[in-house]
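# Understanding the architecture of this molecule
The lines below spell out each chain.
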Amino acid sequence: MTTAATSAERHAQIKGIICDILEIEPSDMTGTSRFKEDHEADSMGAIEILSTLERTYGIDLDQSVLPRMVNLDAVATVVDEAMAAK
């Protein structure tokens, strides 16, 4: 399995996690749709996403990354960086 495939699979899994937490249909979310502005997410949803990602991937994400986590692509980048730093 290549790193790209692993990253693509992780991206799909992250999308599923976010859609479950924010109660969004996967078809309504794009890589660049913004959680707060486009999907009416609140700060509690962001914290729940962060903690779920930590548990799912066995990584530590400081709350200082929350401002970066504005859409699916940005969250995937944050997770990829944390996985690479492990």
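Preceding this section is the structure that the text describes.
Summarised in this report is the structure supplied together with it. Remember, predicted model here, so these are calculated numbers, not experimental data.

### Re the overall build of the protein chain
- Assigned secondary structure in the protein chain consists of four helices and zero strands.
- Mapped from its N terminus to its C terminus, the protein chain presents α and β elements in the order α-α-α-α.
- In terms of overall dimensions, the protein chain is globule-like: its C-alpha atoms have a radius of gyration of 12 Å, near the 12 Å expected for 86 residues.
- Projected onto its principal axes, the C-alpha positions of the protein chain cover 35 × 25 × 20 Å.
- Every one of the 86 residues in the protein chain was classed for burial, and the buried ones make up 38%.
- Once local pairs closer than 6 in sequence are excluded, the contacts in the protein chain between residues at least 24 apart make up 53%.
- As presented, the protein chain carries roughly 5200 Å² of accessible surface, and 51% of it is formed by carbon and sulfur atoms.
- If you average the places of the 7 positive and of the 16 negative side-chain charges in the protein chain, the two averages end up 5 Å apart.

### Re the nonpolar core
- Among the nonpolar cores identified, the biggest contains 25 residues, and Ile 14, Ile 18, Leu 22, Leu 53, Leu 61, Met 69 and Val 75 are the most heavily contacted of them.
- If you list the elements that add at least two residues to this core, you get helix 1 (3-22), helix 3 (43-57) and helix 4 (72-85).
- With sequence-adjacent residues up to four places away left out, Leu 22 is seen in contact with Phe 35, Ala 41, Gly 45 and Ile 49.

### A word on helix 4
- Here helix 4 is 14 residues long and its end C-alpha atoms lie 20 Å apart, about the 20 Å a rise of 1.5 Å per residue gives.
- For helix 4, the set of buried residues is Leu 72, Ala 74, Val 75, Ala 76, Val 78, Val 79 and Ala 82.
- Two to three positions downstream of the cap, the backbone nitrogen of Asp 73 sits 3.3 Å from a side-chain oxygen, assigning the N-cap of helix 4 to Asn 71.

### Observations regarding the side chain of Asn 71
- When you line up the elements, Asn 71 lands in the loop between helix 3 and helix 4.
- For Asn 71, a relative accessible area of 12% puts it in the buried group.
- Of note is the side chain of Asn 71, whose polar atom sits 2.8 Å from the backbone nitrogen of Ala 74.
- Leaving out residues up to four positions away in the same chain, Asn 71 has contacts with Gly 31, Thr 32, Ser 33, Arg 34 and Phe 35.

### Quick word on the pattern of salt bridges
- Applying the stated criterion across every chain yields a total of three salt bridges.
- For Asp 80, the salt bridge goes to Arg 10, with nearest N and O atoms at 3.5 Å. Pair noted here: Asp 80 is in helix 4 and Arg 10 is in helix 1, with a separation of 70 residues, a long-range link.
- Accessibility expressed as a relative area gives 13% for Arg 10, which makes it buried.

Basis of the calculations
- Residues numbered from 1 in each chain as written.
- Predicted model: local features only at pLDDT ≥ 70, side-chain atom pairs only at ≥ 80, totals over all residues.
- Heavy atoms only, no water.
- Helix = DSSP H or I, 4+ residues; strand = E, 2+ residues; numbered from the N terminus.
- Rg over C-alpha atoms; globule rule 2.2 N^0.38 Å.
- Buried < 20%, exposed > 50% of the residue type's maximum accessible area, 1.4 Å probe, protein only.
- Contact = heavy atoms within 4.5 Å.
- Areas by Shrake-Rupley, 256 points an atom, 1.4 Å probe, with all protein chains shown as cover.
- Lys, Arg positive; Asp, Glu negative; His and termini not counted.
- Charge placed at Lys NZ, Arg CZ, Asp CG, Glu CD.
- Core = buried A, V, L, I, M, F, W, Y, C linked by side-chain atoms within 4.5 Å.
- Expected span 1.5 Å × (residues − 1).
- Polar contact = N/O pair within 3.5 Å; in protein donor to acceptor, adjacent residues only side chain to side chain.
- Salt bridge = Lys/Arg side-chain N within 4 Å of Asp/Glu carboxyl O.

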